[in-house]
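# Results of the structural survey
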Amino acid sequence: MMRSEAALRKATPLFTGVRKYFPDALEAVARVSLEGNKQHQNGEELTWDRTKSMDQYDAADRHLNDRAKGIEFDTDGHRHMAKASWRCLAALQLEIEADRE
């Protein structure tokens, strides 16, 4: 049986199940997103340009590998884990969108 839209929303505790658990981590990922926008969009409106840097798994793995080596911050001052998280979220988003098609 298909859940109603309202029931699905109530079964998705975005605030209490994610935002309240990880506020600092989400802020770090948001800062990485802004920095990436400056790099790839020349400071224009915050937008995920999906035509640039599409190697989500390899990029996430590079950041995880650096962190595994004990390197907490990338050369730009952002955490490798925040960058890996952004890439993992991007990969997950793309997978979910592909499943919808």
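Residues numbered from 1 in each chain as written. Predicted model: local features only at pLDDT ≥ 70, side-chain atom pairs only at ≥ 80, totals over all residues. Heavy atoms only, no water.

### Let's talk about the overall build of the protein
- Counting its secondary structure elements, the protein contains five helices and zero strands.
- In the protein, the succession of helices and strands from N to C terminus is α-α-α-α-α.
- Reported as C-alpha extents along the three principal axes, the dimensions of the protein are approximately 50 × 30 × 25 Å.
- The contacts of the protein with a sequence gap of at least 6 include a subset with a gap of at least 24, amounting to 49%.
- Computing the positive centroid from 16 side-chain charges and the negative centroid from 18, the protein places the two 6 Å apart. (Helix = DSSP H or I, 4+ residues; strand = E, 2+ residues; numbered from the N terminus. Contact = heavy atoms within 4.5 Å. Lys, Arg positive; Asp, Glu negative; His and termini not counted. Charge placed at Lys NZ, Arg CZ, Asp CG, Glu CD.)

### Section: the confidence of the model for the protein
- In this model, the protein carries an average pLDDT of 92, and 96% of its residues clear a pLDDT of 70 or more.
- The lowest-confidence element of the protein is helix α1 (residues 5–10), averaging 87 in pLDDT; the highest-confidence one is helix α4 (residues 56–68), averaging 98. (pLDDT = per-residue confidence, 0-100.)

### Re the packing of α4 against helix α5 (residues 80–100)
- The N-to-C vectors of α4 and α5 enclose an angle of 155°; their axes lie 8 Å apart at closest approach. By the angle class used here, α4 and α5 are roughly antiparallel. Handedness of the α4/α5 crossing: left-handed. In this structure, α4 contributes Gln56, Tyr57, Ala59, Ala60, His63, Leu64, Asp66 and Arg67 to the contact, and α5 contributes His80, Met81, Lys83, Ala84, Trp86, Arg87, Cys88, Ala90, Ala91, Leu94 and Glu95.
- When the residues that make up the contact of α4 with α5 are grouped by side-chain class, the tally is eleven nonpolar, three polar and five charged. (Axes fitted to C-alpha atoms, helices over the stretch in contact; angles between N-to-C directions. Parallel < 35°, antiparallel > 145°, perpendicular 65-115°, else oblique. Left-handed = near helix turned anticlockwise from the far one by under 90°. Nonpolar A, V, L, I, M, F, W, Y, C, P; charged D, E, K, R; others polar.)

### A short note on the packing of aromatic side chains
- A full pass over the atoms with the stated rule returns two aromatic pairs.
- An angle of 90° between the planes, with centres 5.9 Å apart, marks the rings of Tyr21 and Phe22 as edge-to-face.
- For Tyr21, a relative accessible area of 58% gives the class exposed.
- For the ring pair Trp48 and Trp86, a centre distance of 5.7 Å and an interplane angle of 75° mean the geometry is edge-to-face. With Trp48 in the loop between α3 (23–41) and α4 and Trp86 in helix α5, this residue pair connects regions lying 38 residues apart in the sequence.
- A relative accessible area of 27% places Trp48 in the partly exposed class.
- Taking the relative accessible area as the measure of exposure, Trp86 reaches 22% and is therefore partly exposed. (Phe/Tyr/Trp six-rings, centres within 6.5 Å; stacked < 30°, edge-to-face > 60°. Buried < 20%, exposed > 50% of the residue type's maximum accessible area, 1.4 Å probe, protein only.)

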